[in-house]
Amino acid sequence: MDPASFERRSDCEWEVPPQGGMRVPGIIYADRALIEAMDEKVREQVRNVATLPGIVKASFAMPDAHWGYGFPIGGVAAFDAAEGGVVSAGGVGFDISCGVRTLLTGLRRNDLQGHEQRLADALFAAIPAGVGSTGHLRLEDREMDAMLAGGARWAVQRGYGEAADLERVEERGCMAGADPGAVSGRARQRQRDEMGTLGSGNHYLEVQEVVDIQDPDTAAVFGLRQGDIVVSIHCGSRGLGHQIGTEFLKRMALAAPDHGIDLPDRELACAPLESALGREYLGAMRAAINCALANRQILTHLTRMAFFEVLPQADLRLLYDVSHNTCKEEPHEVEGRTRRLFVHRKGATRAFGPGHPDLPEVFRDTGQPVLIGGSMGTASWILVGEAGSEQRSFASACHGAGRAMSRHQAARRWKGRQLVDELAGRGILIRSVSSRGVAEEAPGAYKDVGAVVEAARCAGLARPVARLEPVVCIKG
Amino acid sequence: MVVGGLFASLAQPAAVFLALGQQTGDSPVIRSAAGWEHFPHEADIGVRGWGATLAEAFEQAALAMMAVITDPQGVEPRQAVDIDCRAPDPELLLVDWLNALVYEMATRHLLFGRFEVAIEGERLHAVARGEPVDPVRHRPRVEVKGATYTQLKVARTGDGRWVAQCVVDV
């Protein structure tokens, strides 16, 4: 996009002034180079979101924003139920509560020396990944209800992990307000044997080394030292979330005229928060958040088992677990008044700053860890939420690098086998069932995650704490 | 871009995959009476089918979606699954049809390679034929999470043929 076509509010804040049906301005947080590289569709989608009823303050896009469905990926928008505000299935996305969880291991890089191959093989054997893979669990209806209501807390009760894990998951591992009754039979059917699976596409499990500490005090609180080994898991609510997204997208699109909502784009399908359909979606979406939290908790357990086999001295503890595709009811101060808003984050991470009452005690003084996934073979980052993010973006920040080229372009440019060999030459072990899948997720197919992180810092959303480099990557 | 020409039709599954150097925008490259292709989307992928009838365009769009996952030629038609959908307009019907396939593949652990579609008004009836996923033989590369309303279009072209397309989330 042409930077000159925006009103520049500061180095890293670009405004789309309200025009046409826009109820509020659009605001994109990025530096000049990222703005130039962004697809024109991002502006169009930011504008479209700004037309939705009850939107508060602005339609935001994070530095990693790219063309999504209705909402841009990297889009953040808050709605007030009292002002006719809406909830949008497209504004949450198909992979509800897709997110990243990072585990500390207590291991140093040299503890891994000579064990890398065995660890990669053990993880690849333990973690079901790729198309058509199934988990070890089969959930019948009652157990499915318990999982949908309980999230990671349910998983811990069933022996997957420890109670101490829950303190370090958003919502303390259990999303309140979930309504398993709003989850259709088809959504349940899709999840029956997908619990504890990684999925495919850009989902992965990585063993990473902390290669650089940028904020030593915060890193100490997070338990990160240079040379430490950590594990990051990126995945979501699997088939259940996809099915819920699919079903409500259609129902909301069909019901929009009855709700008096004029959609500029069907993908913006939404329903008033104060409607039966809106409430039903919220109940189902929260159940899907619990499904994602339970899924990452089970994968954590499988990861611990695999580490125990190869490196029994490892002690895997959660750093934190963040979700990217959600709509959450949160209090936010707007023009001096605290209002309860429904904040959509579509490919964006919550980034509470220091002092936020919802943070676990351990992060109360620092702000929350913001876990930024790279792509296979590139760096990942751990950031910390800045106090100013509350006013700037309803306490939100970026979530990853974002694609720089399509899957087809990537598959034409790279061959999976060759990439795996090249990465192995750089000391990065890839395990995947799909060679073409590896090519489509080539590191070069993604934007530079470092530039995205720098823009988040410059915009005052979140501040870098540590940079991680991959050692082993299990790709779905 | 990947194009499956007339060969991608039901009677004779795609014999050739042409990988072209350039990606197209909105306008389909129509080379034959019925066929399919992929079109680019920044994060995901667009599927487009065309044919002499609406039903044939839907069959071809389904082949295009299958080709995101694996080469549909490599899928044996060993099992048949009946699919019924209903939607108030052809565009919503296309998304329902593709999503019904996503659902059947996910819950039955199947891949499909052949489709027979009949459409009457708001209703679609189809038979999808395929076999259980075999990771070694099919080498599936990515799951399709769902068909979306992005770039969704079902329309007749100037020469009377039907085109059916949308972006699928992977």
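Remember, predicted model here, so these are calculated numbers, not experimental data.

Undergrad: Tell me about the interface of chain B and chain A, residues and numbers included.
TA: Counting residues at the interface gives 45 residues for chain B and 44 residues for chain A. For the interface between chain B and chain A, the tally reads six salt bridges. The interface formed by chain B and chain A holds 14 residue pairs in polar contact (both at pLDDT 80 or more) in total. Secondary structure elements with two or more residues in the side of chain B that touches chain A: β3 (35–40), α2 (90–108) and β10 (162–169) of chain B. Of all the elements, α2 of chain B adds the most residues to the side of chain B that touches chain A, at nine residues. Considering only residue class, the side of chain B that touches chain A consists of 24 nonpolar, 10 polar and 11 charged.

Undergrad: Any chance you could break down the sheet that holds strand β5 (residues 79–86) of chain B for me, citing the residues and the numbers?
TA: All names here are of chain B. The three strands lie next to each other as β5-β7-β6, forming an open sheet whose pairing is antiparallel. Each having just a single partner strand, β5 and β6 (110–120) make up the two edges of the open sheet. The sheet shows a mean angle of 20 degrees between the axes of neighbouring strands, taken without regard to direction. Both β6 and strand β7 (residues 123–132) contribute to a ladder of 10 bridges, which runs antiparallel. From the neighbouring strand, I119 faces β7, where its bridge partner is L124.

Undergrad: Give a detailed account of the sheet that holds strand β5 (residues 73–79) of chain A, specifying residues and quantitative values.
TA: All names here are of chain A. Strand order in this open sheet of seven strands is β1-β2-β3-β4-β5-β13-β12, and the pairing throughout is mixed. Across the chains shown, the open sheet's two edge strands, defined by having one partner strand only, are β1 (7–10) and β12 (325–334). For this sheet, the mean inter-axis angle between neighbouring strands, taken without regard to orientation, is 25 degrees. Here strand β4 (residues 55–66) runs beside β5; their pairing, made up of five bridges, is antiparallel. When the sheet's bridge partners are listed, I55 is paired in β5 with F79. Across the sheet, helix α12 (residues 276–310) is in contact with β12 and β13 (337–346); its angle to β12 comes to roughly 110 degrees.

Undergrad: Pulling in residues and values, what's your account of the packing of aromatic side chains?
TA: Tallying each qualifying case throughout the model produces nine aromatic pairs over all chains. Their ring planes at 70 degrees and their centres at 6.2 Å tell us that F112 of chain B and F115 of chain B sit as a pair that is edge-to-face. For F112 of chain B, a relative accessible area of 0% translates into the label buried. Stacked on the ring of F394 of chain A, the Lys or Arg K57 of chain A has its end atom at 5.2 Å from the ring centre.

Undergrad: Quick rundown of the pattern of salt bridges? Include the residues and the values.
TA: Within the structure shown, the criterion is met by 52 salt bridges over all chains. Here R364 of chain A makes a salt bridge to E361 of chain A, at a shortest N to O gap of 3.9 Å. Look at R364 of chain A and you get partly exposed, because its relative accessible area is 25%. Residue class for E361 of chain A comes out exposed when judged on its relative accessible area of 58%. Ionic pairing is found between E116 of chain B and R129 of chain B, a salt bridge with its closest N-O pair at 2.9 Å.

Cut-off values and rules
Residues numbered from 1 in each chain as written. Chains lettered and ligands numbered in written order. Predicted model: local features only at pLDDT ≥ 70, side-chain atom pairs only at ≥ 80, totals over all residues. Heavy atoms only, no water. Contact = heavy atoms within 4.5 Å. Salt bridge = Lys/Arg side-chain N within 4 Å of Asp/Glu carboxyl O. Polar contact = N/O pair within 3.5 Å; in protein donor to acceptor, adjacent residues only side chain to side chain. Helix = DSSP H or I, 4+ residues; strand = E, 2+ residues; numbered from the N terminus. Nonpolar A, V, L, I, M, F, W, Y, C, P; charged D, E, K, R; others polar. Pairing = 2+ DSSP bridges. Axes fitted to C-alpha atoms, helices over the stretch in contact; angles between N-to-C directions. Phe/Tyr/Trp six-rings, centres within 6.5 Å; stacked < 30°, edge-to-face > 60°. Buried < 20%, exposed > 50% of the residue type's maximum accessible area, 1.4 Å probe, protein only. Lys NZ or Arg CZ within 6 Å of the ring centre and 35° of its normal.

So, to be careful, I would describe these as geometric facts and stop short of saying anything about function.
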